[in-house]
Amino acid sequence: MSFLKKIIKKQLGDLNILRAKYFLQKTGVPKTLRIDITAFCNAKCPFCPRVAMPNSRLSGKMSLETFTSIITEAANFGIKTVKLYITSEPLLHPKFSEFIDFVKSKNLDVQVSTNLSVLQHRLKDLAKVNKLQLSIEGWDKNSYEKYRYPLKYERARENYNFLINDENLKSIFKEIHLPVTKLTDLKKFFILWGNVDSIRIDFMQPYNDFNIKNNTFISKFPLQLKNEIYQLEEKVDKICYDPFDEIVVGFDGKVHLCCLDFHAELPLGNIENGFANILENQKRKNIQKEFLTGSVKTCKGCSQFMVASKNQKDELIKKIDKAWKVSKPNSKIIFYDKVWEK
């Protein structure tokens with residue numbers, strides 16, 4: 001963030017900036033579409049919100065017919081970027097290749113996230129994506145297999161090497177979003193995985209559960225990791241652009257509020273009703289109003305608003321700096337506004 005932007009942000013405040021952007025239509029007209037093309041994932045990560053998802057959200061896949069219909073309307077609507085992931089491993093969909101080809105036929109940017117478990121037979125398809133996000137938390141065999149249970153470290157390393165060295169994939173932007181715990185060995189992580197374009201670091205957050213009775217999100221810290229996850233504080237000022245700037249669709253066509261709404265229990269409609277109807281959905285508009293008025297209720301307990309203290313951030317900056325100086329990864333390291341790069 002530039003110095004001038006920091007000054008403006010400090011003077012106006014996040015809420016007034018959101019209101020101004022909404023008034024000027026700089027937010028509120030979605031340009032990004034997220035789709036879970038399948039509900040299935042082959043990992044059972046202890047920190048993942050899937051541990052709290054209803055069984056009805058854990059299996060199933062989107063048909064090619066439904067997908068092509070959604071993408072066609074998305075292109076006509078003005079969507080620019082399609083992200084093929086929310087809660088699952090998209091490379092497991094048997095028609096993944098056809099999905100990628102259809103998105104590209106509409107001249108849309110496509111982004112994919114993968115846990116590196118089933119990569120090699122998808123290399124030709126992945127060569128067509130604009131951005132590839134890799135889901136990795138471990139810095140050695142034990143930690144990788146703990147966080148990505150029951151996936152195997154050796155397979156991930158083999159697939160990673162294919163990904164980094166394949167001539168057709170060198171131009172694809174590759175990023176790791178690393179949620180750190182108190183145990184994360186950053187030096188080892190940078191040495192192992194530091195040949196991607198960027199590693200974006202954040203604190204491992206609690207996951208969202210959903211209280212159907214009260215229609216509110218609740219942050220829950222994963223019990224299995226309770227001794228190593230940082231104890232975060234609830235943010236006072238709750239500002240979020242996701243309900244304004246993205247349309248998020250599950251494998252069954254149900255509309256999610258955002259990428260952290262894993263339950264899809266809010267009455268936001270079905271994508272088969274059309275993009276325009278989704279934007280006019282009264283529940284969605286009410287939640288936007290909550291953010292615009294500063295009276296956030298539905299999303300008040302969302303994990304998005306569990307943040308690290310200044311001391312925690314300062315300590316992590318020191319750890320990143322120390323690890324970076326020793327390991328000298330090829331990746332750009334990003335932590336909030338601070339960047340390390342060669």
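It should be emphasised that the depicted structure is a prediction, and the values quoted were computed from it without experimental measurement.

1. Digging into the sheet that holds strand β14 (residues 338-340)
Item 1. Spatial strand order, β11-β10-β1-β2-β3-β4-β5-β6-β13-β14: 10 strands in an open sheet with mixed pairing. Each having just a single partner strand, β11 (255-256) and β14 make up the two edges of the open sheet.
Item 2. Bridge analysis of strand β1 (residues 32-35) against strand β2 (residues 81-83) gives three bridges, and the strand direction is parallel. Counterpart to R34 in the pairing with β2 is K83.
Item 3. In this fold helix α3 (residues 64-77) packs onto β1, β2 and β10 (246-249), with an angle of close to 170° to the strand it touches most, β1.

2. Notes on helix α12 (residues 310-327)
The α-helix advances 3.6 residues per turn, and as a result positions three or four apart in sequence lie on the same side.
Item 1. Helix length check: α12 (18 residues) gives 26 Å between terminal C-alpha atoms against 26 Å at 1.5 Å per residue, within 8%.
Item 2. Taken residue by residue, α12 has Q312, L316, I320, A323, W324 and S327 as its buried positions. All buried residues of α12 project into a common sector of 100° when viewed along the axis, lining one side. The exposed residues of α12 that point more than 90 degrees off its buried face are K310, N311, K318, K322, K325 and V326.

3. What about the layout of surface pockets?
Item 1. As a volume, the second largest pocket reaches approximately 180 Å³.
Item 2. In terms of lining residues, the second largest pocket is bounded by Y22, Q25, T27, G28, V29, L279, E280, R284, K285 and Q288.
Item 3. Among the elements that line the lining of the second largest pocket, the one with the most residues is helix α11 (residues 282-293), at three residues.
Item 4. Tallied by class, residues from the lining of the second largest pocket come to three nonpolar, four polar and three charged.

4. Structural notes on empty space enclosed by the protein
Item 1. Evaluated as defined, the whole model comprises two cavities of 30 Å³ or more.
Item 2. Grouping the constituent residues of the lining of the largest cavity by class yields 10 nonpolar, two polar and one charged.
Item 3. A volume near 30 Å³ is recorded for the second largest cavity.
Item 4. In terms of lining, the second largest cavity is formed by D36, A39, M53, R57, T87, G250, F251, H256 and F262.
Item 5. Here the residues of the lining of the second largest cavity are counted per class, giving four nonpolar, three polar and two charged.

Thresholds, definitions, all that
- Residues numbered from 1 in each chain as written.
- Predicted model: local features only at pLDDT ≥ 70, side-chain atom pairs only at ≥ 80, totals over all residues.
- Heavy atoms only, no water.
- Pairing = 2+ DSSP bridges.
- Helix = DSSP H or I, 4+ residues; strand = E, 2+ residues; numbered from the N terminus.
- Contact = heavy atoms within 4.5 Å.
- Axes fitted to C-alpha atoms, helices over the stretch in contact; angles between N-to-C directions.
- Expected span 1.5 Å × (residues − 1).
- Buried < 20%, exposed > 50% of the residue type's maximum accessible area, 1.4 Å probe, protein only.
- Arc of directions from axis to C-beta.
- 1 Å grid on protein atoms, 1.4 Å probe; cavity = no way out; pocket = protein on both sides within 12 Å on 5 of 7 lines; lining within 4 Å.
- Points joined across faces, edges and corners; volume = space filled by probe spheres on them.
- Nonpolar A, V, L, I, M, F, W, Y, C, P; charged D, E, K, R; others polar.

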